[in-house]
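Here are the chains, one letter per residue:
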Amino acid sequence: QVQLVESGGGLVQPGGSLRLSCAASGNILIVYDMAWYRQAPGKERELVARIARSGTTVYVDSVKGRFTISRDNAKNTVSLQMNSLKPEDTAVYYCNAKISTGGVISSWNYWGQGTQVTVSS
């Protein structure tokens, strides 16, 4: 039983900042890639940022220079620091992780429940 629990969403004014956090718990052997996705109403879910165990990161172009993804391998957590927020960043943000639990399948893709981020005046 693996769970991803997110926190940190909320309402913020344009230009403001928020920090999202996600903790993986349960029968975990190894957490591989961790990522943040987002989905706005009427739009497809998109990858915002991804980070490998090594620390290598990937960002969608629209957030480069504004968002920073980080992780703590010892705690199985991932965070997304969001600065200079824009109204277009408004969406439900989802934590994602590939995790090995020692089962027959080497790893599974897990999702958090999602947390709302609203950027508005």
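The rules behind the values
All residue numbers refer to positions counted from 1 along the written sequence of the respective chain. Given that the model is predicted, a residue must reach a pLDDT of at least 70 before its local features are reported, and side-chain atom pairs must reach 80 or more before they are shown or counted; all residues, however, enter totals for whole chains, interfaces and linings. Neither water nor hydrogens contribute to the side-chain values; these are computed over all heavy atoms in the structure. The disulfide criterion is simple: two cysteine sulfur atoms within 2.5 Å. Segments assigned H or I by DSSP are reported as helices when at least four residues long, segments assigned E as strands when at least two residues long, and all are numbered from the N terminus. Each residue's exposure class comes from its accessible area (1.4 Å probe, protein chains only) as a fraction of the maximum for that residue type: buried when under 20%, exposed when over 50%, partly exposed otherwise. Distance and chemistry together define a polar contact, namely a pair of N or O atoms within 3.5 Å, with one atom able to donate a hydrogen and the other to accept it when in protein, and with adjacent residues in sequence counting only for side-chain atoms on both sides. Contact definition: two residues touch when any of their heavy atoms are within 4.5 Å. By the convention used here, strands pair only if DSSP detects at least 2 bridges between them. All axes here are fitted lines through C-alpha atoms, helices being fitted over the stretch that makes contact, and every angle between N-to-C directions spans 0 to 180 degrees. Throughout this description, the term salt bridge denotes a Lys or Arg side-chain nitrogen within 4 Å of a carboxyl oxygen of Asp or Glu.

Chemist: Honestly, the state of the cysteines in this entry has me stumped. Any pointers?
Modeler: In protein chemistry, a disulfide is the covalent bond that joins the sulfur atoms of two cysteines. Going through the model one piece at a time under the given rule, you end up with one disulfide. In this model cysteine 22 forms its disulfide with cysteine 95; the gap between the sulfur atoms is 2.1 Å. One disulfide, between cysteine 22 and cysteine 95, carries an S-S torsion of -85° and so falls in the left-handed class. With cysteine 22 in strand E3 (residues 18–26) and cysteine 95 in strand E9 (residues 91–100), this residue pair connects regions lying 73 residues apart in the sequence. The exposure class assigned to cysteine 22 is buried, which follows from its relative accessible area of 2%. A relative accessible area of 0% means that cysteine 95 is categorised as buried.

Chemist: I'm lost on the side chain of arginine 66 in this one. Help?
Modeler: Mapped onto the elements, arginine 66 comes out in the loop between strand E6 (57–59) and strand E7 (67–72). Relative accessible area serves as the criterion here: at 10%, arginine 66 is assigned to the buried category. Side-chain polar atoms of arginine 66 contact the side chain of aspartate 89, separated by 2.8 Å. Leave out the neighbours within four places in its chain, and arginine 66 touches Gln81, Met82, Asn83, Ser84, Leu85, Lys86 and Asp89.

Chemist: What should I look at first to understand the sheet that holds E3 in this one?
Modeler: Strand-to-strand pairing in sheets goes through backbone hydrogen bonds, with the strands running parallel or antiparallel. Taken together, the four strands give an open sheet; going across it, the order is E1-E3-E8-E7, and neighbouring strands pair in antiparallel fashion. In this open sheet, the two strands that pair with only one neighbour each are strand E1 (2–7) and E7. Within the sheet, the average angular offset between the axes of one strand and its neighbour, ignoring direction, is 15°. Where E1 and E3 come together, six bridges link them in antiparallel fashion. Its bridge partner being in E3, glutamine 3 is matched across the sheet by serine 25.

Chemist: Would you explain the pattern of salt bridges in this entry?
Modeler: Summed over the entire model, instances satisfying the criterion amount to four salt bridges. In this structure, aspartate 89 engages arginine 38 in a salt bridge whose closest nitrogen and oxygen atoms are separated by 3.0 Å. With aspartate 89 in the loop between strand E8 (77–82) and E9 and arginine 38 in strand E4 (residues 30–39), this pair connects stretches of sequence that are 51 residues apart. Overall, aspartate 89 belongs to the buried group, its relative accessible area being 0%. Between lysine 64 and aspartate 61 there is a salt bridge, and its shortest N-O distance comes to 3.0 Å. Judged by its relative accessible area of 60%, aspartate 61 is exposed. Linked by salt bridges that have partners in common, Arg38, Glu46, Arg66 and Asp89 make up one network.

As far as function goes, none of this settles anything; it's purely spatial.
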